[in-house]
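Read off the chains here:
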Amino acid sequence: MANVQFENLFKNYGDVKAVEDFNLKIADGEFIVLVGPSGCGKSTTLRMIAGLEDITAGNIYIDDSLINKVHPKDRDIAMVFQNYALYPHLSVKDNISFGLRAQKLPKMEVENRVLEASETLGLQGLLSRRPGELSGGQKQRVAMGRAIVRNPKVFLFDEPLSNLDAKLRHKMRAEMKKLHKQVGTTTIYVTHDQIEAMTLADRIVIMKDGVIEQVGTPNEVYKKPNNIFVASFIGTPAMNFFEGKVKSCSKSLTTITLKDQKEIKLTSNIFEKDQDIIFGIRPEDISVNLDKKGKMKDSIEIDAVISVIEPMGHETIVICDSNYGELTGKVESSHTLKENMNVKLIIKEEKIYQFDKMSEKNLLL
Ligand SMILES: Nc1ncnc2c1ncn2[C@@H]1O[C@H](COP(=O)(O)OP(=O)(O)O)[C@@H](O)[C@H]1O
Ligand SMILES: [Mg+2]
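Every value quoted in this text rests on a predicted model; they were computed, and no experiment measured them.

1. Quick word on the overall build of the protein chain
Phase 1 of the analysis: Within the protein chain, the secondary structure is distributed over eight helices and 20 strands.
Phase 2 of the analysis: Along the first, second and third principal axes, the C-alpha atoms of the protein chain reach 80 × 50 × 35 Å.
Phase 3 of the analysis: A sequence separation of at least 24 residues applies to 65% of the contacts in the protein chain between residues at least 6 apart.

Dropping the structure here:
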């Protein structure tokens, strides 16, 4: 068990700035997920902790000791990769115990740790098989077993579930969470999948182009995104955006002109005249209405035409064309909505996110 700290960490590959000024304190026992699009520097960060990549500048501490110059094998870290990296000619048991035997631990100790890990992971019946005789999910468990038996200070996972089919990925996700509860080891987990990040993490670190965009609990990054990037990355289907320009503002009332010259009034004084605004609304906060009743209080009404309906079983994704571009709603499944129907999209003002177009920053924070 250990805390981990990054201090002004940089990694350059020639001209490529893979990681830029990465600062983070991870508490003992915390489950941290690094998430972001492909190429944003997640694996590079993980590999620097493991000692598989040189650090260009900055410091990494484990349990308050600087580890920049500590040999990888002396860092007391276990890493699980996407491709499992199992030895094909060794049995499951020998794969799991490989690291322990290399450390020359007593035979009984090795035996006990392997038994304990295989019980935790449900591998008891498979110990004599070779990796070639295992399913993807079982191979993944063996790779995790190999990490667990070492009882390391920190677990590092690099997209460990990406090679599994959707159903198995979901199952293994739940197992990862149970496992972390059970062993409590500080964990740094890399994924490009925001759902995996939301469901697993104590705190999420959202990265883009080598830079941290936001650190927060799943709830914080969903409810209070720092900027447009985070707002669009977290949540599925993604947040909708549309533009407006501040026409006038007083102490308590701002009038904003939308693209079709419609005006909305917001009780807010955070704006400047002529400021370009990007509004955001989550699909789950749009209601799709058929009836043409009068306007609801404190809400915006948008005329739209349904272009695509995606039934998901318990809910339905409704993609609409409007004067503000394509807007996606997520509603309870209903038999009344059909493609090509004219609808009114109702958006409650309190649910609207407001970003500055220039800086892309969330104006409501
Ligand atoms: N060995 C390398 N040599 C040169 N560039 C690299 C190397 N490894 C990674 N990069 C670059 O560094 C950036 C971050 O890569 P990476 O950490 O693998 O991203 P992620 O894991 O988030 O997909 C990318 O632009 C990638 O092309
Ligand atoms: Mg990667």
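From this point, the discussion proceeds with the structure in view.
2. Notes on the sheet that holds strand 15 (residues 286-289)
Phase 1 of the analysis: One open sheet holds the five strands; their spatial order is 15-19-16-17-18, and the pairing between them is antiparallel. Every interior strand has two partners, whereas the edge strands, strand 15 and strand 18 (325-332), have only one. Across the sheet, the mean angle separating the axes of adjacent strands is 45° when strand polarity is ignored.
Phase 2 of the analysis: Judged from the four bridges that link them, strand 15 and strand 19 (residues 342-348) form a sheet pairing that is antiparallel. Each residue of the ladder has a partner; that of S287, found in strand 19, is I346.

3. Let's talk about the packing of aromatic side chains
Phase 1 of the analysis: The tally for this structure, following the rule as stated, stands at ten aromatic pairs.
Phase 2 of the analysis: Look at F157 and Y189: their rings are 5.8 Å apart centre to centre, the planes differ by 45°, and that puts the pair in the tilted class. Separated by 32 residues along the polypeptide, F157 in strand 7 (residues 154-158) and Y189 in strand 8 (residues 186-191) bring together distant segments of the chain.
Phase 3 of the analysis: By relative accessible area, which is 4% here, F157 ends up buried.
Phase 4 of the analysis: Using a relative accessible area of 0% as the deciding quantity, one classes Y189 as buried.
Phase 5 of the analysis: Between Y353 and F355 the ring centres are 6.4 Å apart and the planes differ by 10°, which places this aromatic pair in the stacked class.
Phase 6 of the analysis: By relative accessible area, which is 11% here, Y353 ends up buried.
Phase 7 of the analysis: By relative accessible area, which is 0% here, F355 ends up buried.
Phase 8 of the analysis: Cluster of aromatic residues (ring-pair linked, three or more members): F31, F155, F157 and Y189.
Phase 9 of the analysis: Stacked on the ring of Y222, the Lys or Arg R282 has its end atom at 4.1 Å from the ring centre.

4. Focus: the site of ligand 1
Phase 1 of the analysis: In the vicinity of ligand 1, the contacting residues are Y13, V16, A18, S38, G39, C40, G41, K42, S43 and T44.
Phase 2 of the analysis: Residue K42 places a side-chain N or O atom 2.9 Å away from an oxygen atom belonging to ligand 1.
Phase 3 of the analysis: S43 has a polar side-chain atom sitting 2.8 Å from an oxygen atom of ligand 1.
Phase 4 of the analysis: Taken by itself ligand 1 offers 560 Å² of open surface, and the protein chains cover 59% of this.

5. Describing the environment of R282
Phase 1 of the analysis: Looking at where R282 falls in the secondary structure, it is placed in the loop between strand 14 (276-281) and strand 15.
Phase 2 of the analysis: Considered as a pair, R282 and P237 are 45 residues apart in the sequence and their alpha carbons are 8.0 Å apart.
Phase 3 of the analysis: Aside from chain neighbours lying at most four places away, what touches R282 is V221, Y222, P225, A231, I234, G235, M239, N240 and Y353.
Phase 4 of the analysis: Among the polar contacts listed, one links the side chain of R282 to the backbone oxygen of Y222, at a separation of 2.8 Å.

What counts as what
Residues numbered from 1 in each chain as written. Chains lettered and ligands numbered in written order. Predicted model: local features only at pLDDT ≥ 70, side-chain atom pairs only at ≥ 80, totals over all residues. Heavy atoms only, no water. Helix = DSSP H or I, 4+ residues; strand = E, 2+ residues; numbered from the N terminus. Contact = heavy atoms within 4.5 Å. Pairing = 2+ DSSP bridges. Axes fitted to C-alpha atoms, helices over the stretch in contact; angles between N-to-C directions. Phe/Tyr/Trp six-rings, centres within 6.5 Å; stacked < 30°, edge-to-face > 60°. Buried < 20%, exposed > 50% of the residue type's maximum accessible area, 1.4 Å probe, protein only. Lys NZ or Arg CZ within 6 Å of the ring centre and 35° of its normal. Near = heavy atom within 4 Å. Polar contact = N/O pair within 3.5 Å; in protein donor to acceptor, adjacent residues only side chain to side chain. Areas by Shrake-Rupley, 256 points an atom, 1.4 Å probe, with all protein chains shown as cover.

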